[in-house]
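# Results of the structural survey
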Amino acid sequence: MTKIRFTKMHGAGNDYIYVDTMRYPIQNPSEAAIRWSDRHKGIGSDGLVLIGASPVPEADFSMRIFNADGSEAMMCGNASRCIGKYLYERELTTNTRIKLLALSGIKTLNLLVTDGKVQSVTVDMLEPVLEDEHLFVPTRGLKEGTFVSMGNPHYVIFTDNVDQVEEIGKVLEHHPAFPQRCNIEFAQVMDDGNIRTRVWERGSGITQACGTGACATAVAAALTGRSNRQTKIIMDGGELTIEWRESDNHVYMTGPAEFVFDGETEL
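Predicted model only: the values in this text are computed from it and were never measured.

About the criteria used
Residues numbered from 1 in each chain as written. Predicted model: local features only at pLDDT ≥ 70, side-chain atom pairs only at ≥ 80, totals over all residues. Heavy atoms only, no water. Helix = DSSP H or I, 4+ residues; strand = E, 2+ residues; numbered from the N terminus. Rg over C-alpha atoms; globule rule 2.2 N^0.38 Å. Buried < 20%, exposed > 50% of the residue type's maximum accessible area, 1.4 Å probe, protein only. Contact = heavy atoms within 4.5 Å. Areas by Shrake-Rupley, 256 points an atom, 1.4 Å probe, with all protein chains shown as cover. Lys, Arg positive; Asp, Glu negative; His and termini not counted. Charge placed at Lys NZ, Arg CZ, Asp CG, Glu CD. Core = buried A, V, L, I, M, F, W, Y, C linked by side-chain atoms within 4.5 Å. Salt bridge = Lys/Arg side-chain N within 4 Å of Asp/Glu carboxyl O. Disulfide = S-S within 2.5 Å. Expected span 1.5 Å × (residues − 1). Phe/Tyr/Trp six-rings, centres within 6.5 Å; stacked < 30°, edge-to-face > 60°.

The next subject is the overall build of the protein chain. In terms of helices and strands, the protein chain carries four helices and 17 strands. On C-alpha atoms alone, the protein chain measures out to a radius of gyration of 18 Å, which is about the 18 Å that the 2.2 N^0.38 rule sets for 267 residues. Seen through its C-alpha atoms, the protein chain measures out along the principal axes to roughly 50 × 40 × 30 Å. Taken across its 267 residues, the protein chain has 55% of its residues classed as buried. Within the protein chain, counting contacts between residues at least 6 apart in sequence, those at least 24 apart form 59% of the total. For the protein chain, the accessible area works out to roughly 11,700 Å², and carbon and sulfur atoms hold 46% of it. In the protein chain, 26 positive and 36 negative side-chain charges are present, and the distance between their average locations comes to 4 Å.

Spelled out as C-alpha cells, the structure:
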C-alpha cells in the first residue's frame, strides 16, 4: 500500500481532501474520492481535490476536483480559494496572485495576506454563461428558476422556503432537462438585501457552501432585479461576497479558506 499525505480544508464549510500530486500522484482519483469522502468509513469530505503542476505556461498550478460520488467537477470556487491558501502557506509559491487551471479554464486568485497568513481569497470566476437563463423545469409546483453556468451548470430558484432543496434537489439534479446533471440552489432575498442560499451539489448532495453556486445565485438575483451586482450570499457554512462587475462582466468571489487537519492514508 502507498502512503499518501493529505490535508483537509474547508471554504465556508465546503470541505475537501487536498493532495499535492506533485509529491503524491494518484492513479485512480475517482475511486479514491469515493472511498476517502465517506464520512463514516473514510476521512469524510465533499470530495477530493488534486493540486498539480500546470501543463500550460499560462497557469501556475492546476486543480482537479472529484465529487464524493467519484464524478469529476469542472470547477469549485471554494476549493480554488483553499488551494490559494495551501500554495502560499505551505510555501509552494510566494505570489499573492496565482493563475490556477481548472477543467473550466484558468482562474485568477488574489490573496489577502497578513503576517504571512492568507486571510481571504478573491477569485475571478470569469463571465457567466446565460444562453439558457430562462429555462423552466416544472417540478412540484415550483416557480420558474434561472439557469446560469459558472463553468459548471446551476439552476437557481427563488423561494420563501430554501429548505425544500433537501427534498427536491436530487430530483432536479437528475431532471431530463439537465443531461449532464445540475447543481441546484434555493435562494431567498432577505430584508437586509443579503441572499440566504442552500445548495444541492451535483455529485455530492447537500453541502455547507458552493462557491460557483453563490456566484450563480448572485447573477440570477441581479438578472431578475432582486439585487444589485454586489451582494452577500449566506450559506449553511458561512458568507461569500459576490460582485458581478460591469466593467468586464466577470464575477468575483471573495471568502475565507481554512485548514482543518493534516493526515496520512493508504492508496
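Moving on to the nonpolar core. Core analysis: the largest hydrophobic core is formed by 53 residues, its most contacted members being Tyr18, Met63 and Ile242. At eight residues, the largest contribution of residues to this core is made by helix H4 (residues 211-223). Sequence-distant contacts of Ile242, defined by excluding residues within four places in its chain, comprise Ala214, Cys215, Ala218, Arg229, Gln230, Thr231, Ile233, Val251, Tyr252 and Met253. If you look at the next biggest cluster of nonpolar residues, it comprises 14 residues, including Tyr155, Val165, Leu172 and Ile184.

Once that is clear, we can look at the pattern of salt bridges. Within this structure, the stated rule accounts for 15 salt bridges. Note that Arg181 is salt-bridged to Glu173, the shortest N-O span being 2.9 Å. Take Arg181: its relative accessible area is 23%, and that puts it in the partly exposed class. Through salt bridges with shared partners, a single ionic network connects Asp163, Glu166, Arg196, Arg198 and Asp236.

Moving on to the state of the cysteines. What makes a disulfide is a covalent bond joining the sulfur atoms belonging to two cysteines. All told, the structure shown has zero disulfides when counted by the stated rule. Here Cys82 is not disulfide-linked; the sulfur of Cys76 is the nearest cysteine sulfur, at 7.9 Å. The closest cysteine sulfur to the non-disulfide-bonded Cys215 is located on Cys210, 8.5 Å from its own sulfur.

Here we come to helix H2 (residues 77-89). Taking 1.5 Å of rise per residue, the 13 residues of H2 would be expected to cover 18 Å, and the 19 Å separating its terminal C-alpha atoms lies within 8% of that figure. Of all the 13 residues making up H2, 13 are buried; the element is thus mostly covered by neighbouring parts of the structure. Glu91, located one to two residues past H2, shows a positive phi value of around 65°.

What follows is about the side chain of Thr265. Looking at the element boundaries, Thr265 is found in strand S17 (residues 258-266). Using a relative accessible area of 17% as the deciding quantity, one classes Thr265 as buried. Ignoring sequence-local partners within four residues, the contact set of Thr265 consists of Thr2, Lys3, Ile4, Phe6, Trp36 and Ile43.

Our next topic: the packing of aromatic side chains. Under the counting rule described, the total for this entry stands at three aromatic pairs. The interplanar angle of 80° and the centroid separation of 6.0 Å between the aromatic rings of Phe6 and Phe261 together place this pair among those described as edge-to-face. With Phe6 in strand S1 (residues 3-11) and Phe261 in strand S17, this residue pair connects regions lying 255 residues apart in the sequence. On the basis of relative accessibility, which here comes to 6%, the residue Phe6 falls in the buried class. According to the relative accessible area criterion, Phe261 is partly exposed, its value standing at 37%.

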